[in-house]
Amino acid sequence: MILSDLSQSGRYEGLHPAFPKVFEYVKSHNLLNAELGKIEIDGEDVFIINSEPECLTKENQVLEYHQKYLDIHILLEGQETIGWKNLSDCKQEKKPFDAENDFGLYDDVPTSYVTLHPNEFAIVFPEDAHAPIIGEGKIRKLVVKIKVDESVFKG
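The shown structure was predicted, so the numbers you read here are calculated from the model rather than taken from an experiment.

Student: I keep staring at the overall build of the chain and nothing clicks. Help me out?
Tutor: Broken down by element type, the chain carries one helix and 12 strands. Along its sequence from the N terminus, the chain presents helices and strands in the succession β-α-β-β-β-β-β-β-β-β-β-β-β. Here the C-alpha radius of gyration of the chain, 15 Å, is about what a compact globule of 155 residues would show, namely 15 Å. On the principal axes, the C-alpha backbone points of the chain span a range of 40 × 40 × 30 Å.

Student: For this particular structure, what's the right way to read the nonpolar core?
Tutor: Generally speaking, nonpolar side chains in soluble globular proteins are found buried as a group. Counting 24 residues, the largest nonpolar core has V26, L70, I72, I74, F121, I123 and I146 as the members making the most contacts within it. Contributions of two or more residues to this core are made by α1 (19–28), β2 (37–42), β3 (46–51), β5 (69–77), β10 (120–124) and β12 (140–147). Beyond its immediate chain neighbours, meaning those up to four positions away, I123 contacts M1, I2, Y12, F19, L70, D71, I72 and D128. In terms of nonpolar packing, the next biggest core, distinct from the first, is built from eight residues, Y65, L87, A129 and I134 among them.

Each value, and the rule that gives it
- Residues numbered from 1 in each chain as written.
- Predicted model: local features only at pLDDT ≥ 70, side-chain atom pairs only at ≥ 80, totals over all residues.
- Heavy atoms only, no water.
- Helix = DSSP H or I, 4+ residues; strand = E, 2+ residues; numbered from the N terminus.
- Rg over C-alpha atoms; globule rule 2.2 N^0.38 Å.
- Core = buried A, V, L, I, M, F, W, Y, C linked by side-chain atoms within 4.5 Å.
- Buried < 20%, exposed > 50% of the residue type's maximum accessible area, 1.4 Å probe, protein only.
- Contact = heavy atoms within 4.5 Å.

In structure tokens form, the structure reads like this:
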């Protein structure tokens, strides 16, 4: 997992060819006031989910993971805590991996938590089991989905 602020996104843009386009789009559009829903950047290879979820408590949130996509969680409004645990250390499977919907769930307790504030982001790779949307009340956030092709990573 990588944590940073949108003002520092240039430091990470070389890690994946889609990162520059995604960060430029996010910085150049008023997504806080845009319609909720899916925003296509490059078809099903790169898209954004603009959402306004109700947060859950740590006790009521589970770890999720993906294999087909990496996520960039970008907070627009509110405060969001995300739990993290290395996927290889997860043992308490709650829902087996669903390849069609690209997710599986674990009941393990995260080994660490980070809190995002507006304009901060977390890049979550397939090896990162993560428990997003922890906090109080509604938040406004983006989840960028980028299809994973291990050959494109430079880091």
